[in-house]
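# Descriptive analysis of the structure
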Amino acid sequence: MRKFDTKVQHLKYKVLREVARQAWNNTLLENAINIPKIIVSGNTPTMRCCIYKERAILAERVKLAMGGDKTNPNVVEVLDIACDECPMGGYEVTQACRGCLAHRCEDVCKRGAITFDRDHVAHIDKTKCVECGQCAKVCPYSAIANFKRPCERSCKVKAIKMSETKAASIDNSKCISCGSCVYQCPFGAIMDKSFILNAIDLIIKSNNNKNYKVYAVVAPSISSQFTYAKLGQVITGIKKLGFFSVVEAALGADMVAYSEAKELTEKGFLTSSCCPAFVSFVEKQFPQLKENISSNLSPAATISKYIKEQDPDAKVVFIGPCIAKKAEAQKEEVAPYMDVVLTFEELQALFDSRDIDITQLEEDVLENASYYGRIFARSCGLTDAVTEALKEQNVTDFEFKPVPCDGIEACRMALLKASKNVLNANFIEGMACMGGCIGGAGCLTHGEKNKAEVDEYGKEAIEKTITDAISVLNLNSVNK
């Protein structure tokens, strides 16, 4: 029964599970220091050079599982002690160089950084190289390789640099909290802060006060996760943890799609507001387009707001694949509605911290969103939803010209064109993670098959139109 893609994820989960278990038992403060020894028993290291370093790193992981550095506003942090000094040489000539006569690498280098030894083998002068990569592109033997660190390579906004100690460091002014570096670091040296203790605290308080209800808002990408069990069993498991109700964020997606379609026809050009990492990217790197970001809150924040309007004393915990959601929840315009954000990784840790085997549970059902709200979980889902919303609103005098952007690099190209007024489109669907939310760093599993799972889940929706889904919500408000 494989629950995670990588062993790094599994290690992270074990720390979260143990922190949560101690929190449920009200023994965390006295036992936190012993958690590394609980996870790695005995005196034989399994991951590092010695047991002492292994436990020292685990101690830092425990701190992040308990909320991390409160003075650092970023939800992503680097564990310096865990950073293993990956190769960071940039472009280098490998042994595949044949000392050819063409010397295309030399000709294409505008900085004169390429020289040759007596055997005609190429060498790169690091003092002149600007890492443009042109030499690597023209080498007929692919003999020039770029030895960037995995975290640095994964960060498409260039927020990761190397500190004086050769450990990775994050430039908060550039970071969009997408979590790509978290998932890609082979040593787990970059992690997201966990607010699992905040969620447990809310649940414990609700157990002692029946008027204090805690709602779980789950992302539609949940349909592609927990593949070892049925979705209905996952929903039952969430309620068994102590949540009063489980609500689909996809209901918020229906509301956003309908409203966003209206806003688009009024403004003429819009960028989506659903992906918090994309919104942050626009704000930080294309501030001139900030006014074009949809005024709608994200689907998760929208449905959370709806819940609190119906039940002012409610507390809302969002559960999904997104690390950037943790940053979004701290925004002034969102904080009143979303109290805590957890990832699917953290939900798995919560289940196991309470010894809940979801495969043995009966199946429950989610509040029903439309097909279009549910497919927000994958790339192009929002575009399809806005197309449908325009149709349902009988908009015939507006030509919808969307450009779905799958990943930050695609987002960059569309935004760059938009900033220069050469984009042949009037709506940018921005998704920071490849594949959309199903590729989020907080997922248990990542892969193309997740898209099919989301589409299949969408087809199970009872409400076939966005209008029908929203009408049910409005009816609930009237009947309340």
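Each value, and the rule that gives it
- Residues numbered from 1 in each chain as written.
- Predicted model: local features only at pLDDT ≥ 70, side-chain atom pairs only at ≥ 80, totals over all residues.
- Heavy atoms only, no water.
- Axes fitted to C-alpha atoms, helices over the stretch in contact; angles between N-to-C directions.
- Helix = DSSP H or I, 4+ residues; strand = E, 2+ residues; numbered from the N terminus.
- Parallel < 35°, antiparallel > 145°, perpendicular 65-115°, else oblique.
- Left-handed = near helix turned anticlockwise from the far one by under 90°.
- Contact = heavy atoms within 4.5 Å.
- Nonpolar A, V, L, I, M, F, W, Y, C, P; charged D, E, K, R; others polar.
- Core = buried A, V, L, I, M, F, W, Y, C linked by side-chain atoms within 4.5 Å.
- Buried < 20%, exposed > 50% of the residue type's maximum accessible area, 1.4 Å probe, protein only.
- pLDDT = per-residue confidence, 0-100.
- Salt bridge = Lys/Arg side-chain N within 4 Å of Asp/Glu carboxyl O.
- Pairing = 2+ DSSP bridges.
- Expected span 1.5 Å × (residues − 1).
- Arc of directions from axis to C-beta.
- 1 Å grid on protein atoms, 1.4 Å probe; cavity = no way out; pocket = protein on both sides within 12 Å on 5 of 7 lines; lining within 4 Å.
- Points joined across faces, edges and corners; volume = space filled by probe spheres on them.

## Looking at the packing of helix H1 (residues 7-24) against helix H15 (residues 344-353)
Contact geometry of H1 with H15 gives a least axis separation of 8 Å together with a crossing angle of 50°. By the angle class used here, H1 and H15 are oblique. Remark: the crossing between H1 and H15 carries right-handed chirality. Contacts from Gln9, Lys12, Tyr13, Leu16, Arg17, Ala20, Arg21 and Trp24 of H1 reach H15 at Glu345, Glu346, Gln348, Ala349, Leu350, Asp352 and Ser353. Here the contact of H1 with H15 is built from residues that sort into six nonpolar, three polar and six charged.

## Brief notes about the nonpolar core
If you look at the biggest cluster of nonpolar residues, it comprises 73 residues, and the most contacted ones within it are Phe226, Ile238, Ile319, Phe351 and Ile358. When residues of this core are assigned to their parent elements, the largest contribution, eight residues, is made by H1. If you look at the next biggest cluster of nonpolar residues, it comprises 47 residues, including Leu64, Met191, Phe286 and Ala418.

## Some points on unusual backbone geometry
Unusually for a residue other than glycine, Glu131 sits at a positive phi of about 60°. Tracing the sequence through the fold places Glu131 in the loop between strand E4 (122-124) and helix H6 (134-138). Although it is not a glycine, Cys380 adopts a positive phi angle of roughly 80°. Looking at where Cys380 falls in the secondary structure, it is placed in the loop between helix H16 (371-374) and helix H17 (381-392). With relative accessibility at 29%, the residue Cys380 sits in the partly exposed group.

## Describing the packing of helix H11 (residues 249-267) against helix H13 (residues 299-310)
In the contact formed by H11 and H13, the axes pass within 7 Å of each other and the chain directions differ by 100°. The pairing of H11 with H13 is recorded here as roughly perpendicular in orientation. Here Ala249, Leu251, Gly252, Ala253, Met255 and Val256 of H11 come into contact with H13, specifically with Pro299, Ala300, Thr302, Ile303 and Tyr306. In the contact of H11 with H13, the residues fall into nine nonpolar, two polar and no charged.

## Let's talk about the confidence of the model for the chain
For the chain, the mean per-residue pLDDT works out to 91, and 95% of the residues sit at or above 70. Within the chain, strand E13 (residues 340-343) carries the highest mean pLDDT (98), whereas helix H20 (residues 466-479) carries the lowest (68).

## What about the pattern of salt bridges?
Within this structure, the stated rule accounts for 19 salt bridges. Put simply, Lys12 and Asp192 hold a salt bridge, and the shortest N to O gap is 2.5 Å. In this pair, Lys12 sits in helix H1 while Asp192 sits in strand E8 (residues 190-192), placing the two residues 180 residues apart along the sequence. For the pair Lys12 and Asp192, a shared accessibility class is recorded, and that class is buried. Residues Asp355 and Arg21 are paired through a salt bridge, measuring 3.8 Å at the closest nitrogen-oxygen approach. With Asp355 in the loop between H15 and H16 and Arg21 in helix H1, the pair connects residues that are 334 residues apart, well separated along the chain. By sharing partners, the salt bridges in this structure join Lys12, Asp192, Lys326, Glu345 and Glu346 into a single network.

## Some remarks on the sheet that holds strand E15 (residues 427-431)
Judged by pairing direction, the sheet is parallel, and its three strands sit side by side in the order E11-E15-E14 without closing on themselves. Since the sheet does not close on itself, it has two edges, and those belong to strand E11 (270-271) and strand E14 (402-406), each with one partner. Direction of pairing for E14 relative to E15: parallel, over a ladder of five bridges. Directly across from Cys405, in E15, lies its bridge partner Gly430. Helix-sheet contacts for H17 involve E14 and E15, and the interaxial angle to E15 is about 145°.

## Some thoughts on helix H9 (residues 196-208)
Spacing of three or four residues puts side chains on the same side of an α-helix, whose turn is 3.6 residues. Between the first and last C-alpha of H9 there are 19 Å, a value that for 13 residues agrees with the 18 Å anticipated at 1.5 Å per step. Taken as a whole, H9 has its buried residues at Ile196, Ala199, Ile200, Leu202, Ile203 and Ser206. Along H9, the residues classed as buried sweep out an arc of 160° about the axis, all on the same side. Tucked into the core, H9 has its buried residues touching H1, helix H4 (51-65), strand E9 (214-218), strand E12 (315-320), E13 and H15.

## Quick word on the sheet that holds strand E10 (residues 245-248)
Strands pair in a sheet through their backbones, by hydrogen bonds, and they do so in one of two ways: parallel or antiparallel. Across the sheet, which stays open at both edges, the four strands sit in the order E10-E9-E12-E13 with parallel pairing between neighbours. What marks the edges here is a single partner per strand, and that holds for E10 and E13. Across the sheet, the mean angle separating the axes of adjacent strands is 25° when strand polarity is ignored. Two elements, E9 and E10, share four bridges in a ladder whose sense is parallel.

## Overview of the side chain of Thr271
Within the secondary structure, Thr271 is located in strand E11. For Thr271, the contacting residues outside a window of four places in its chain are Phe278, Asn292, Ile293, Ser294, Leu415 and Ile428.

## Focus: empty space enclosed by the protein
Overall, the coordinates contain six cavities of 30 Å³ or more when judged by the stated rule. By volume, the largest cavity is sized at about 300 Å³. Around the largest cavity, the lining comprises 25 residues; the ones closest to its centre are Cys274, Pro276, Cys322, Lys325 and Cys437. Secondary structure elements with two or more residues in the lining of the largest cavity: H11, helix H12 (276-285), H13 and helix H14 (324-328). Of the residues that constitute the lining of the largest cavity, the class distribution is 21 nonpolar, three polar and one charged. Here the second largest cavity defines a volume of roughly 130 Å³. Cys97, Cys100, Cys105, Cys139 and Pro140 are, among the 17 residues lining the second largest cavity, the residues nearest its centre. Its residues placed into classes, the lining of the second largest cavity shows twelve nonpolar, three polar and two charged.

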